[in-house]
Amino acid sequence: MNTLLIAILLIAAPTVKPTLTPIDEAGYSALVQQHAGKVILMDIWAAWCEPCRAETPALVKLSKQLGPRGLDYVTVTLDSPGELSYAEKFLHRNLVPFPAYYRKTENEDTWVHNVNPQWTGTLPALFLYDRKGRLAKSFIGSAPPDVIESAIQIGRASCRERV
């Protein structure tokens, strides 16, 4: 096929933006296990939460810096179904890596308890999992990027095996 024709087809082809994927309690637990072998920084946020939106650029930057060394940055929004389009736009605008998820559950308290029994659902919330999928650290409320990075470094050091 002619390279000019291929270029035209690629330019004319609609770009499909990734969308948020629903996740329930079982899906959350499975997601953590799917990332075994990596350190996971689970960002639970909402588009209506100003502190959540404010910390996102620093988290994306941190994920780009530490991703090549074994950090997976995963986001889950607690926005309601009517707010998901705004949440997706926010994620795209801030270059947040996909896949990204939204909480879909019958019972919000059960979902929160499944993530961490000590968590009340306060946002923003970050949960750091070690390479074996164990919860290593929780950040409830805003946390400075250097404190998060230090916890990630410690989490990685405690599980030295490389992927």
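Residues numbered from 1 in each chain as written. Predicted model: local features only at pLDDT ≥ 70, side-chain atom pairs only at ≥ 80, totals over all residues. Heavy atoms only, no water.

1. Concerning the overall build of the chain
Looking only at helices and strands, the chain features six helices and six strands. The order of helices and strands in the chain, counted from the N terminus, is α-β-α-β-α-β-α-β-α-β-β-α. Across the 163 residues of the chain, 42% fall into the buried class. Counted over contacts in the chain with a minimum sequence separation of 6, partners at least 24 positions apart contribute 71%. (Helix = DSSP H or I, 4+ residues; strand = E, 2+ residues; numbered from the N terminus. Buried < 20%, exposed > 50% of the residue type's maximum accessible area, 1.4 Å probe, protein only. Contact = heavy atoms within 4.5 Å.)

2. Structural notes on the pairing of strand E5 (residues 125-129)
Judged by how many residues are buried, E5 sits mostly within the fold: five of five residues are covered. Neither face of E5 is open: one carries Ala125, Phe127 and Tyr129, the other Leu126 and Leu128, and all of them are buried. Pairing of strand E2 (residues 39-45) with E5 involves five bridges; the strand directions are antiparallel. Bridge pairing in E5 places leucine 41 opposite leucine 128. Sheet topology places E5 next to strand E6 (residues 135-140); five bridges connect them, and they run antiparallel. Paired with tyrosine 129 across the strands is leucine 135, a residue of E6. (Pairing = 2+ DSSP bridges.)

3. Structural notes on the pairing of E2
Burial analysis of E2 places seven of its seven residues in the buried class, the great majority of the element. Where E2 lies against strand E3 (residues 71-77), seven bridges are found, and the strand directions are parallel. Counted as the bridge partner of tryptophan 45 is threonine 77 from E3. With respect to chirality, the unit in which E2 leads through helix H3 (residues 50-66) into the neighbouring parallel E3 is right-handed. (Right-handed = clockwise from strand over helix to strand, strands pointing away.)

4. Re the pattern of salt bridges
Counted according to the given criterion, the structure contains four salt bridges. Close ionic contact of arginine 53 with glutamate 50 constitutes a salt bridge, the shortest N to O distance being 2.3 Å. Placement of the pair is arginine 53 and glutamate 50 together in helix H3, with a separation of three residues, close to one helical turn. (Salt bridge = Lys/Arg side-chain N within 4 Å of Asp/Glu carboxyl O.)

5. Some details on the packing of helix H2 (residues 25-34) against helix H5 (residues 108-115)
At a minimum axis separation of 9 Å, H2 and H5 run at an interaxial angle of 20 degrees. In this view, H2 runs roughly parallel relative to H5, as classed from their interaxial angle. Viewed along their axes, H2 and H5 form a crossing whose handedness is right-handed. Here H2 contributes Glu25, Tyr28 and Ser29 to the contact with H5, which in turn contributes Thr110, Trp111, Asn114 and Val115. A breakdown of the residues in the contact of H2 with H5 according to their chemical character gives three nonpolar, three polar and one charged. (Axes fitted to C-alpha atoms, helices over the stretch in contact; angles between N-to-C directions. Parallel < 35°, antiparallel > 145°, perpendicular 65-115°, else oblique. Left-handed = near helix turned anticlockwise from the far one by under 90°. Nonpolar A, V, L, I, M, F, W, Y, C, P; charged D, E, K, R; others polar.)

6. A few points about the environment of aspartate 24
Structurally, aspartate 24 can be placed in the loop between strand E1 (21-23) and H2. With 79 residues separating them along the chain, aspartate 24 and arginine 103 place their C-alpha atoms 6.1 Å apart. Aspartate 24 has contacts with Lys104 and Trp111, leaving out every residue within four places of it along the chain. From its side chain, aspartate 24 meets the backbone nitrogen of glycine 27 in a polar contact 2.7 Å long. (Polar contact = N/O pair within 3.5 Å; in protein donor to acceptor, adjacent residues only side chain to side chain.)

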